[in-house]
Amino acid sequence: SALDMEPKLFFKALLDKESAFAKEHGALDPSRAALYAGQASVGEKQRMALWYQGVAVRDTMQDLYNWVDTQPDWEKGEEEKEEDDIDMPPPTAAPMLMHQVSSGTARLEECKAELAAAEAQRTKLEEGDEESRKAMQAKVVALHAKLAASVQERVAQLQVAQDKFAALMRSNGIYDSPEDDGSPGPASGRNAALALAWLETASASGVLEGDGPISEEIAEKLLNSARDVRLEKASLSQISLAAKVMALVPSPVHKKLLNLTHDWLRTFMPHCLAKVNRVSFGLLSSEECADALEED
C-alpha cells in the first residue's frame, strides 16, 4: 500500500507520466505534490531524493498551510464548468483549519519548559556558589596574611638567636657545618624553643661569658642549639610556602601540577641526570657487559 512505501517510490509512482491515470487525466505537476514530515522522520537522503523529484517537504503544519495557500486553482473541466452554470445556493463557509498539537509535541513543550526552569535554577545555584567561594577565598587570604606575619615575627626572633650562636661559636673557635643539619620535622619547633630557653638561661647565668675556654659539653650544646634554630627556620619556610599555595592556588588541578613539578625538579630530574651512561641505566645485557670487560 502507499503507507508501506518509501516517500521516493510513492511520489515516483504518483508523478509517473506513463501511468494509466496520467494518460487519462494528465500528469500531475510535481509542484503540486508535498510531503508533511511533522509526524514522521524523513532522513537527509530521502529529502534530497524528493527535492530532485520537485516534491516539497514541509515539517510543520504552518509551513503546509502556507504552501497550500500559494498553490493556484485547478483548471476546471467541461463538466465542472456546466455544473458551475447551474444556480446553486451559496456555499456555507468552510470550517477553518485548526492547528492541532499532537500529544508528543505537547510533551516536548512541557519538557522544554522544565529544562528552562532547571537551567535557571542551576544558574542561580552557580551564582550563589561563586559568591560563597569568593567570600571563602577572601577569608583564606586574610588568614594567610595573618599567618605570614606571625611566621615572619618568629623568623626574626630565630635570626637574632642564630646570630648570637654564631658569634659565640666564632669567639670560641667552634666550627659549625650547616650542611649536616638534616631535614626539619615535627620536633623542630620544640627543639628550637628549648634552644632559645637554654641560650637565655646560659646568658643570664654568665656561663657563656667567661674568660677561659668553654667546656666540651657547652660547645656541643651550642652546636646542637644552632642546628635546632636553623631547622626551625627551614620548617617555618616550608609552612609559609604551603600556606601560600593553599591560599593563592585554589584550583586542585593547579596544586597537583605544582606537586608534580616539585617531584620532577627534586627527584626525577636529578635521578635522570645522575645516569651518565648505559651501565648506570641498566641497558646493557650480560653479553654486552662481558664483551666490554674483554675489550678492557
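Preceding this paragraph is the structure being described.
The structure displayed is predicted, hence computed values, not measured ones.

*Asks:* Report on the nonpolar core, specifying residues and quantitative values.
*Replies:* Among the nonpolar cores identified, the biggest contains 20 residues, and Phe165 and Leu222 are the most heavily contacted of them. When residues of this core are traced back to their parent elements, those giving at least two are helix 6 (103-171), helix 7 (188-205) and helix 8 (216-248). If near-sequence neighbours (up to four positions away) are discounted, Leu222 is found in contact with Phe165, Leu168, Met169, Ile174, Trp198 and Ile214. Grouped together as the second largest cluster of nonpolar side chains are nine residues, Ala33, Leu35, Val42 and Val55 included.

*Asks:* Residues and numbers for the pattern of salt bridges, please.
*Replies:* Where side chains of opposite charge bring their charged atoms close, a pairing between them can arise. Taken as a whole, this structure holds seven salt bridges when the rule is applied. Between Glu110 and Arg107 there is a salt bridge; the shortest N-O distance is 3.1 Å. Separated by three residues within a single helix, Glu110 and Arg107 lie in helix 6, roughly one turn from each other. Residue classification places Glu110 among the partly exposed residues on the basis of a relative accessible area of 42%. Arg133 is paired through a salt bridge with Glu130; the nearest N and O atoms lie 2.8 Å apart. Of the two residues, Arg133 and Glu130 both sit in helix 6, three residues apart, roughly one turn of that helix. The class for Glu130 is partly exposed, based on a relative accessible area of 31%. Among the ionic contacts, a cluster of salt bridges with common partners joins Glu119, Arg122 and Glu126.

*Asks:* Just give me the short version of the environment of Gln157, but keep the residues and values in it.
*Replies:* Locating Gln157 in the fold gives a position in helix 6. Spatially, the C-alpha atoms of Gln157 and Val229 are 9.9 Å apart, while their sequence positions differ by 72 residues.

*Asks:* How would you explain the packing of aromatic side chains if you had to name every residue and give the values?
*Replies:* Considering all chains together, one arrives at two aromatic pairs under this definition. For the ring pair Trp51 and Tyr52, a centre distance of 5.2 Å and an interplane angle of 65 degrees mean the geometry is edge-to-face. Ring centres of Trp264 and Phe268 lie 5.2 Å apart, and the angle between their planes is 70 degrees; on these two criteria the pair is classed as edge-to-face. Placement of the pair is Trp264 and Phe268 together in helix 9 (residues 252-274), with a separation of four residues, close to one helical turn.

*Asks:* Explain a nonpolar patch on the surface to me, and be specific about the residues and the numbers.
*Replies:* Taken together, the side chains of Val253, Leu257, Leu260, Trp264, Leu265, Phe268, Met269 and Leu273 make up a nonpolar region of the molecular surface, amounting to roughly 810 Å² of accessible area. As for its placement among the helices and strands, Leu265 is situated in helix 9.

*Asks:* Outline the side chain of Asp228, supporting the account with residue identities and numerical values.
*Replies:* Mapped onto the elements of the fold, Asp228 is located in helix 8. With residues up to four places along the chain from it excluded, the contact list for Asp228 reads Ser188, Asn191, Ala192 and Ala195.

*Asks:* Help me get a handle on a negative patch on the surface, residues and values and all.
*Replies:* Together, Glu287, Glu288, Asp291, Glu294 and Glu295 line one region of the surface with negative charge. Here Glu287 shows up in helix 11 (residues 286-295). Of the residues examined, Glu287 reaches a relative accessible area of 53% and is grouped as exposed.

*Asks:* Describe the packing of helix 1 (residues 7-14) against helix 3 (residues 44-53), and please don't skip the residues or the numbers.
*Replies:* The geometry of helix 1 relative to helix 3 is characterised by a closest axis approach of 9 Å and an angle of 15 degrees between their N-to-C directions. Taken as axis vectors, helix 1 and helix 3 run roughly parallel relative to one another. Read as a crossing pair, helix 1 and helix 3 show a hand that is right-handed. Of the residues in helix 3, those touching helix 1 at Pro7, Lys8, Phe11 and Lys12 are Gln46, Ala49, Leu50 and Gln53. Considered class by class, the residues forming the contact of helix 1 with helix 3 number four nonpolar, two polar and two charged.

*Asks:* Could you give an account of the packing of helix 7 against helix 8, naming the residues involved and the relevant values?
*Replies:* Put simply, helix 7 and helix 8 touch, their axes get as near as 8 Å, and they point 135 degrees apart. It follows that helix 7 is oblique to helix 8 by the angle criterion. In this structure, helix 7 meets helix 8 at a crossing whose hand is left-handed. On helix 8, the residues touching Ser188, Gly189, Asn191, Ala192, Ala195, Leu196 and Trp198 of helix 7 are Ile218, Lys221, Leu222, Ser225, Asp228, Val229, Leu231, Glu232 and Ser235. Residue composition of the contact of helix 7 with helix 8, by class: eight nonpolar, five polar and three charged.

Reading guide: rules and limits
- Residues numbered from 1 in each chain as written.
- Predicted model: local features only at pLDDT ≥ 70, side-chain atom pairs only at ≥ 80, totals over all residues.
- Heavy atoms only, no water.
- Core = buried A, V, L, I, M, F, W, Y, C linked by side-chain atoms within 4.5 Å.
- Buried < 20%, exposed > 50% of the residue type's maximum accessible area, 1.4 Å probe, protein only.
- Helix = DSSP H or I, 4+ residues; strand = E, 2+ residues; numbered from the N terminus.
- Contact = heavy atoms within 4.5 Å.
- Salt bridge = Lys/Arg side-chain N within 4 Å of Asp/Glu carboxyl O.
- Phe/Tyr/Trp six-rings, centres within 6.5 Å; stacked < 30°, edge-to-face > 60°.
- Patch = residues over 30% accessible without salt bridge, like charges linked within 9 Å, V, L, I, M, F, W, Y side chains within 5 Å.
- Areas by Shrake-Rupley, 256 points an atom, 1.4 Å probe, with all protein chains shown as cover.
- Lys, Arg positive; Asp, Glu negative; His and termini not counted.
- Charge placed at Lys NZ, Arg CZ, Asp CG, Glu CD.
- Axes fitted to C-alpha atoms, helices over the stretch in contact; angles between N-to-C directions.
- Parallel < 35°, antiparallel > 145°, perpendicular 65-115°, else oblique.
- Left-handed = near helix turned anticlockwise from the far one by under 90°.
- Nonpolar A, V, L, I, M, F, W, Y, C, P; charged D, E, K, R; others polar.

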